[in-house]
Amino acid sequence: MAPVLEKYQKNALIFQAKELLKVFRNSNPPVEVLKDLNFELRKKDTVSIIGASGIGKSTFLHIMGTLDRPDGGSLLYEGKNVFDYTETQLANFRNQCIGFVFQFHHLLSDFTALENAMMPALIQEMNREEAMQTAEKLLVRVGLKDRLGHKVGELSGGEQQRVAIARALCLNPPVLLADEPTGNLDKKNAILLHDMLMELNEELGMALIIVTHNMDLASYTARKMTIIDGKLMETN
Ligand SMILES: Nc1ncnc2c1ncn2[C@@H]1O[C@H](COP(=O)(O)OP(=O)(O)OP(=O)(O)O)[C@@H](O)[C@H]1O
Ligand SMILES: [Mg+2]
């Protein structure tokens, strides 16, 4: 089996979050946003996280993406606690295993759509030509064929969001974490995005965790969850 396919073996456990705790102590009184949170993600899983503003959805996603550290508990990826990694190992892990679509895009506004989308591949020292082709294909797939050479700062909000999605998918990550990916999209582009995410899940077994207020998008995922008292709960 080709190495690229091995990591997508069906239904194996990928992520295991155990008793996660996250407290924001800079607020007065401190806010326990996540508490005793347990969660498992298997290959090919599709999960949406819905619920009111401020319940901790982005906080949870940031910890799963190792962009923020919990104050307690552990996060295992294929059995290893990722927060035991050194900063360099963690950065590598993040680049190779996680695609992240942020609620606020964090793109480099002076670089073009193509340069932004190929950035993870360049960091991974992929051959420049190959990186460019991969990024271009993804940008075409999200409907930005005519915007490849545009600086991101000159794109609309929805276009920027689609560049962010192409960037997140650039290295075919086994896990895609998306925070409000349809927040800035019109209905047509939101449907295109839903379809693309489900196709990637079907084709590659890419596991999806999507934070969304969009119930249409949530209806596409097999698991629907929300956060109650700091814990992630299934809603169906
Ligand atoms: N850096 C921070 N410092 C202090 N408090 C924070 C910080 N980040 C988040 N919080 C608080 O933690 C809570 C959860 O925030 P989070 O961003 O996870 O919510 P959310 O569910 O993603 O909301 P939304 O739907 O509005 O994006 C909020 O009450 C927020 O004020
Ligand atoms: Mg949020």
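Cut-offs applied
Residues numbered from 1 in each chain as written. Chains lettered and ligands numbered in written order. Predicted model: local features only at pLDDT ≥ 70, side-chain atom pairs only at ≥ 80, totals over all residues. Heavy atoms only, no water. Near = heavy atom within 4 Å. Polar contact = N/O pair within 3.5 Å; in protein donor to acceptor, adjacent residues only side chain to side chain. Areas by Shrake-Rupley, 256 points an atom, 1.4 Å probe, with all protein chains shown as cover. Helix = DSSP H or I, 4+ residues; strand = E, 2+ residues; numbered from the N terminus. Salt bridge = Lys/Arg side-chain N within 4 Å of Asp/Glu carboxyl O. Buried < 20%, exposed > 50% of the residue type's maximum accessible area, 1.4 Å probe, protein only. Pairing = 2+ DSSP bridges. Core = buried A, V, L, I, M, F, W, Y, C linked by side-chain atoms within 4.5 Å. Contact = heavy atoms within 4.5 Å. Axes fitted to C-alpha atoms, helices over the stretch in contact; angles between N-to-C directions. Parallel < 35°, antiparallel > 145°, perpendicular 65-115°, else oblique. Nonpolar A, V, L, I, M, F, W, Y, C, P; charged D, E, K, R; others polar.

Here we take up the site of ligand 1. Near ligand 1 lie 14 residues; those nearest to it are Ser53, Gly54, Lys57, Ser58 and Thr59. The separation between a nitrogen atom of ligand 1 and a polar side-chain atom of Asn26 is 3.2 Å. Between ligand 1 and Ser58 there is a distance of 2.9 Å, counted from an oxygen atom to a side-chain nitrogen or oxygen. When ligand 1 is considered free in solution it has 640 Å² of accessible area, and contact with the protein chains removes 64% of it. The element that contributes the greatest number of residues to the shell around ligand 1 is helix 2 (residues 57–64), accounting for three residues.

Another point: the pattern of salt bridges. Any two side chains of opposite charge can pair, given that their charged atoms come close. Under the counting rule described, the total for this entry stands at 11 salt bridges. Linking Arg69 and Glu87 is a salt bridge whose minimum nitrogen-to-oxygen distance equals 3.2 Å. Residue Arg69 is found in the loop between helix 2 and strand 4 (72–77), and its partner Glu87 is found in helix 3 (residues 87–97); the two are separated by 18 residues along the sequence. Assessed through its relative accessible area of 34%, Arg69 is described here as partly exposed. Residue classification places Glu87 among the exposed positions, given a relative accessible area of 53%.

As paired elements, strand 1 (residues 13–24) and strand 2 (residues 31–42) share eight bridges and run antiparallel to each other. Along strand 2, the bridge assignment pairs Val23 with Glu32. From the end of strand 1 to the start of strand 2, which pair antiparallel, there are six residues.

Of all hydrophobic cores here, the largest spans 38 residues; its most connected members are Leu139, Val163, Leu169 and Leu176. Within the residue set of this core, elements represented by two or more residues are helix 4 (113–123), helix 5 (128–141), helix 6 (157–169), strand 7 (175–179), helix 7 (187–204) and strand 8 (207–211). Top element by residues in this core is helix 7. It accounts for seven residues. Residue contacts for Leu176: discarding those within four places in its chain leaves Gly99, Val101, Ala168, Leu169, Leu197, Met206, Ala207, Leu208 and Ile209.

Before going further, it helps to examine the packing of helix 6 against helix 7. Running from amino to carboxyl end, helix 6 crosses helix 7 at an angle of 5 degrees, the nearest separation of the two axes being 12 Å. Our classification of the angle between helix 6 and helix 7 gives roughly parallel. Residues Arg162, Ile165 and Leu169 of helix 6 form the contact with helix 7, whose participating residues are Asn189, Leu193, Met196 and Leu200. For the contact of helix 6 with helix 7, the class distribution of residues is five nonpolar, one polar and one charged.

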